Amino acid sequence: MRQAVLTAPERIEFREVPDLTAAQLGEDEILIRIKKIGICGSEIHSYHGEHPATFYPVVQGHEYSGIVTAVGSKVTRCKPGDKVTARPQLTCGQCAPCRRGQYNVCENLRVQAFQADGAAQDYFIVPEERLVKLPETFSLEYGAMIEPAAVGAHATSRAGDLTGKNVVVSGAGTIGNLVAQFALARGARRVLITDVSDYRLETARRCGVADTLNVAKTPLKEGMKAVFGDEGFQVGFEVAGVESSIRPLMECAEKGGTIVVVAVFAKDPALSMFFLGEHELILAGTMMYRHEDYLTAVGEIASSKVTLAPLVTDRFAFEQYDEAYRFIARNQEKCMKVIIDLEQ
């Protein structure tokens, strides 16, 4: 079977390795024929040698979908022919976070495609406890996007009950877009999404996020008034990963509000301790997702509360993996989700 391995920064090696077969399955394992793989922002950092926790060489792919080809003797969640995806987290199950059910921040967490081999190959084996069955009506492209959608589901859960609240999402890339959509799905009164790219803001509107603001043209403090009036906003999500994004969120949020930091910052920002303390803000982090977030993502997409189609901007064949990364680097503003299609 084919396999795409990131052997060093900006170097994808294609290998032919023996097929995985049903005979290799444990009693609780599933053999998947991989069909679609999404390229995520963290993998882009790995490709360019900018991800400090990537171990080379490593098989690519942690956003994926496929078809079940065989199951172990004790598997009950799926059967051959089902569409599926799975979480890429490898956890120890023994540390304090794992014991309290917070395995997404496992002390010994390894993530496939970063610290362990991923799914960028024709066949892949996963244990049943990480598997998520997809509705038959789902496209396989949608299945490959459950992982980033689950990030949005988990991030919005970190802010508590959003019902009736005004929300600002800073950063309108794929994850910011999904965070904004999940905030609306969770009952937010209004959601304002900001960015410096008119293209990304237009994509957000196509996904149903009506209120947008280009902060390169209008500062947040001014633009939010046009949307929220005197109500202001109670919850902010920082998804841009730059100091010039998080500081206005903390300054402009309603006193007693919550700011959830979703992005990974390449450089630590200088935060205002005045706004954090004197405004009694809650500053929260968020890390990946848990199984229930995958299930929430599937449900909200299936019910059309979250829209994915406008986010898929480009598709490449498996043999074009390297070309896909280079294309993203050349077209950063207008690349949202790039899909690797193993069937092309």
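Residues numbered from 1 in each chain as written. Predicted model: local features only at pLDDT ≥ 70, side-chain atom pairs only at ≥ 80, totals over all residues. Heavy atoms only, no water.

Heads up, the condition is: UniProt positions are given in the numbering used here, feature names are shortened, and annotations may be inferred rather than shown by experiment.
If you check an unreviewed UniProt entry, the protein appears there as L-iditol 2-dehydrogenase/threonine 3-dehydrogenase from Alistipes timonensis JC136. The protein has a UniProt comment under Sequence similarities (unreviewed entry) that states "Belongs to the zinc-containing alcohol dehydrogenase family."

**What to know about the overall build of the protein**
Just so we agree on the cut-off: Helical segments are the DSSP runs of H or I of at least four residues, strand segments are the runs of E of at least two, and each set is numbered from the N terminus. We take the radius of gyration over the C-alpha atoms and set the globule estimate at 2.2 Å times the residue count to the 0.38 power. Buried means the residue's accessible area, taken with a 1.4 Å probe over protein chains only, is under 20% of the maximum for its type, while exposed means over 50%, and partly exposed covers the values in between. By definition, residues are in contact when any of their heavy atoms lie within 4.5 Å. Under the counting rule used here, the positive set is Lys and Arg, the negative set is Asp and Glu, and His together with the chain ends is not counted. Charge coordinates come from a single atom per side chain, which is NZ of Lys, CZ of Arg, CG of Asp or CD of Glu.
Tallying secondary structure elements over the protein gives eleven helices and 18 strands in all. The C-alpha radius of gyration computed for the protein amounts to 20 Å, which stays within 12% of the reference 20 Å derived for 344 residues, consistent with globular compactness. Per-residue burial over the protein gives 56% buried out of 344 residues. By sequence separation, contacts in the protein at least 24 residues apart represent 70% of the contacts at least 6 residues apart. For the protein, the separation between the mean place of its 37 positive charges and that of its 44 negative charges on side chains is 2 Å.

**Quick look at helix 6 (residues 198–206)**
Helical periodicity: at 3.6 residues per turn, an α-helix aligns residues three or four positions apart in one direction. Convention followed: The arc refers to the directions leading from the helix axis to the C-beta atoms. N or O atoms closer than or at 3.5 Å make up a polar contact, with two conditions inside protein: a donor-capable atom paired with an acceptor-capable one, and, for residues adjacent in sequence, both atoms drawn from side chains.
All of the buried residues along helix 6 are Arg200, Leu201, Thr203 and Ala204. Seen along its axis, helix 6 keeps its buried residues to an arc of 155°; they face one direction. The inward-facing, buried residues of helix 6 contact helix 5 (174–185), strand 12 (190–195) and strand 13 (211–214). A side-chain oxygen of the first residue of helix 6 lies 3.3 Å from the backbone nitrogen of tyrosine 199; this N-cap is serine 197. Positive phi shows up at glycine 208, right after helix 6, with a value of about 100°.

**Overview of the side chain of serine 170**
Mapped onto the elements of the fold, serine 170 is located in strand 11 (residues 166–170). Taking relative accessible area as the criterion, serine 170 reaches 8% and is therefore assigned buried. Of note is the side chain of serine 170, whose polar atom sits 2.4 Å from the side chain of serine 245. Those residues in contact with serine 170, other than ones at most four positions away along the chain, are Thr194, Phe237, Glu238, Val239, Ala240, Ser245 and Leu249.

**Description of the packing of helix 7 (residues 220–228) against helix 8 (residues 243–252)**
Two quantities define a packed helix pair, namely the angle between the axes and the distance from one axis to the other. Our working definition: The angle between two axes is taken between their N-to-C directions and runs from 0 to 180 degrees, where each axis is a line fitted to C-alpha atoms and a helix contributes only its stretch in contact. Roughly parallel means an angle under 35 degrees; roughly antiparallel, over 145; roughly perpendicular, 65 to 115; everything else is oblique. Crossing handedness: left-handed means the near helix sits turned counterclockwise from the far one by under a right angle, and right-handed means the same turn made clockwise. Each residue is assigned to one of three groups, with Ala, Val, Leu, Ile, Met, Phe, Trp, Tyr, Cys and Pro labelled nonpolar, Asp, Glu, Lys and Arg labelled charged, and all others, Gly among them, labelled polar.
Packing of helix 7 against helix 8 brings their axes to within 10 Å, and their N-to-C directions diverge by 55°. Classified by the angle between their axes, helix 7 and helix 8 sit oblique to one another. Judged by the twist between their axes, the crossing of helix 7 over helix 8 is right-handed. Touching Leu220, Lys221 and Met224 of helix 7 are Pro248, Leu249, Glu251 and Cys252, all from helix 8. Partitioning the contact of helix 7 with helix 8 into residue classes produces five nonpolar, no polar and two charged.

**Some words on the UniProt feature "domain: Enoyl reductase (ER)" (unreviewed entry) in the protein**
With numbering aligned to this structure, UniProt lists the feature "domain: Enoyl reductase (ER)" (unreviewed entry) at residues 7–340. Strand forms 25% of residues 7–340 and helix 29%; the C-alpha atoms that close the span are 18 Å apart.

**Observations regarding the environment of serine 73**
Looking at the element boundaries, serine 73 is found in the loop between strand 5 (63–71) and strand 6 (83–86). The class for serine 73 is exposed, based on a relative accessible area of 68%. With 141 residues separating them along the chain, serine 73 and asparagine 214 place their C-alpha atoms 54 Å apart.

**Some thoughts on the sheet that holds strand 4 (residues 58–59)**
Think of a sheet as strands paired side by side through backbone hydrogen bonds, with each pair either parallel or antiparallel. We count it as follows: A pair of strands is considered paired only if DSSP assigns at least 2 bridges between the two.
Strand order in the open sheet formed by three strands is 2-1-4, with antiparallel pairing between adjacent strands. A single partner strand is all that each edge strand has here, and the edge strands are strand 2 (11–16) and strand 4. Bridging between strand 1 (residues 2–8) and strand 4 involves two bridges; their strand directions are antiparallel. Among the inter-strand pairings, leucine 6 is bridged to a residue of strand 4, identified as valine 58.

**Details of the side chain of glutamate 147**
With respect to the helices and strands, the residue glutamate 147 is situated in helix 4 (residues 146–157). A distance of 2.6 Å separates polar atoms of two side chains, one belonging to glutamate 147 and the other to tyrosine 289. The contact partners of glutamate 147, leaving out residues within four places of it in the chain, are His62, Glu63, Tyr289 and Tyr294.

**Some remarks on the sheet that holds strand 15 (residues 258–261)**
An order of 13-12-11-14-15-16 is seen for the six strands of this open sheet, with the pairing classed as parallel. Because the sheet does not close on itself, it has two edges, and the strands there are strand 13 and strand 16 (282–285). Across the sheet, the axes of successive neighbouring strands diverge by a mean angle of 20°, strand direction being ignored. Bridging between strand 12 and strand 13 involves four bridges; their strand directions are parallel. Bridged to threonine 194 within strand 13 is leucine 213. Sheet strands in contact with helix 7 are strand 11, strand 12 and strand 13, and its direction is about 150° off that of strand 12.

**Some details on the domain arrangement of the protein**
The criterion, for reference: Domain segmentation is taken from an automatic or database assignment of domains. Salt bridges, as used here, are contacts in which a Lys or Arg side-chain nitrogen is within 4 Å of a carboxyl oxygen on Asp or Glu.
Domain boundaries assigned for the protein yield domain 1 (2–133 + 308–341) and domain 2 (159–285). Each of domain 1 and domain 2 has a C-alpha centre, and these two points are 30 Å apart. In this assembly, nine residues from domain 1 lie in contact with twelve residues from domain 2. At the junction of domain 1 and domain 2, the tally comes to zero salt bridges. Its residues assigned to classes, the side of domain 1 that touches domain 2 comprises four nonpolar, two polar and three charged.

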